[in-house]
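# Inside the fold
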Amino acid sequence: MDKYTVEIENLRKVYRVGDEKVVALDNVSLNIRSGEICCILGTSGSGKSTLLHLIAGLEKPTRGTIKINGNRIEKMNERQLALFRQRFIGFVFQSYNLLPTLTALENVSLPLTFRGIKRNIREREAARMLDAVGLKTHMNHLPTQMSGGQQQRVGIARAFVCKPTLMLADEPTGNLDSKTTREIKELILKLARENRQTLIIVSHDSDVASIADKTVHILDGSIEKIEDNFISEG
Ligand code: ADP
Ligand code: MG
């Protein structure tokens, strides 16, 4: 039997802006297996980021259920969610979201600090992770002293350093040139595969889709179609 990292049923998200109602997601049901690489494809405004935010517990659904590792996250309060995210979820943002006054090493160490890990171990793990993303020589650089591609490598190292079960990446290469885009996507996929992590990556081109286990096409807030290429082990 398949073990699922993500189980979503009948999800709906409505935003209210003044008197306007925006239905960002409607009638979304989706299961993602443990260790699966899932690509979310859709045009701008189709609801991709909203879906990722709901899965990360950054926002509450209007209706529907979301289980991560069997836990109903839409029922959790903010404190429970914060702890849950620390334990199970990594997030790579399009805009990197690094803290500008911290070095690469300090940015990557931060999630380990929240977990109460001792300083020497934090720094060793953060350095190991920066090495793995090809930034051995940039550990002490500030974000402003790095290129966009290098900043995103720091973002990736920070997301992966705690080895989260579920990795979420929202258009992680949206601000990068095409060569860097390819390198960054390959890096995220390689790390996820190596660690057997479940990965959901939002993209608006189809090159990730071609190597993903599953591709979910979203149109106007609903699932248009799902292509499933997953081959079960054993
Ligand atoms: P995508 O990531 O696919 O470009 P989004 O999930 O960001 O799409 O947005 C889906 C829809 O929800 C859009 O119409 C957008 O304007 C709306 N939306 C997203 N976030 C908010 C918000 N915080 N408040 C109001 N409307 C929002
Ligand atoms: Mg988006």
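Reading the values: rules and limits
Residues numbered from 1 in each chain as written. Chains lettered and ligands numbered in written order. Predicted model: local features only at pLDDT ≥ 70, side-chain atom pairs only at ≥ 80, totals over all residues. Heavy atoms only, no water. Helix = DSSP H or I, 4+ residues; strand = E, 2+ residues; numbered from the N terminus. Buried < 20%, exposed > 50% of the residue type's maximum accessible area, 1.4 Å probe, protein only. Pairing = 2+ DSSP bridges. Axes fitted to C-alpha atoms, helices over the stretch in contact; angles between N-to-C directions. Contact = heavy atoms within 4.5 Å. Near = heavy atom within 4 Å. Polar contact = N/O pair within 3.5 Å; in protein donor to acceptor, adjacent residues only side chain to side chain.

As a further point, take the environment of K67. Considering the arrangement of structural elements, one finds K67 in strand β4 (residues 63–68). Judged by its relative accessible area of 32%, K67 is partly exposed. When the C-alpha positions of K67 and L52 are compared, they lie 13 Å apart, and in sequence the two are 15 residues distant.

Here the focus is the sheet that holds strand β3 (residues 37–41). Pairing in this open sheet of six strands is mixed, and the strands run β6-β7-β8-β3-β9-β10 from one edge to the other. Single-partner strands in this sheet number two, and they are β6 (89–92) and β10 (222–228). Across the sheet, the axes of successive neighbouring strands diverge by a mean angle of 15 degrees, strand direction being ignored. As paired elements, strand β7 (residues 166–170) and strand β8 (residues 198–203) share five bridges and run parallel to each other. Among the inter-strand pairings, M167 is bridged to a residue of β8, identified as L199. The sheet strands contacting helix α1 (residues 48–55) are β3, β6, β7, β8 and β9 (214–219), and the helix crosses β7 at an angle near 155 degrees. In the packing of helix α5 (residues 148–160) onto the sheet, contacts are made with β6 and β7, and the angle to β6 comes to roughly 175 degrees.

The environment of ligand 1 is formed by Y15, V17, V22, A24, T43, S44, G45, S46, G47, K48, S49 and T50. With respect to ligand 1, the backbone of G45 contributes an N or O atom lying 2.7 Å from an oxygen atom. One nitrogen or oxygen atom from the side chain of S49 is found 2.8 Å from an oxygen atom belonging to ligand 1. Of all the secondary-structure elements, those providing two or more residues to the shell around ligand 1 are β1 (4–17), β2 (20–33) and α1. Here the shell around ligand 1 gets three residues from one element, more than from any other, and that element is α1.

For the rest of this paragraph, the subject is helix α3 (residues 104–114). All of the buried residues along α3 are A104, L105, N107, V108, S109, P111 and L112. Structurally, α3 contributes buried residues whose contacts are with α4 (119–132) and α5. Within two residues after α3, G116 carries a phi angle of roughly 75 degrees, on the positive side.

Attention now goes to the environment of R193. With respect to the element layout, R193 can be found in helix α6 (residues 178–194). Given a relative accessible area of 41%, R193 falls into the partly exposed group. R193 sits 158 residues away from G35 along the chain, and the two C-alpha atoms are 7.5 Å apart. Discounting residues that sit within four places of it in the chain, R193 has contacts with G35, I37, I211 and D213. In terms of polar contacts, R193 uses its side chain to reach the side chain of D213, at 3.3 Å.

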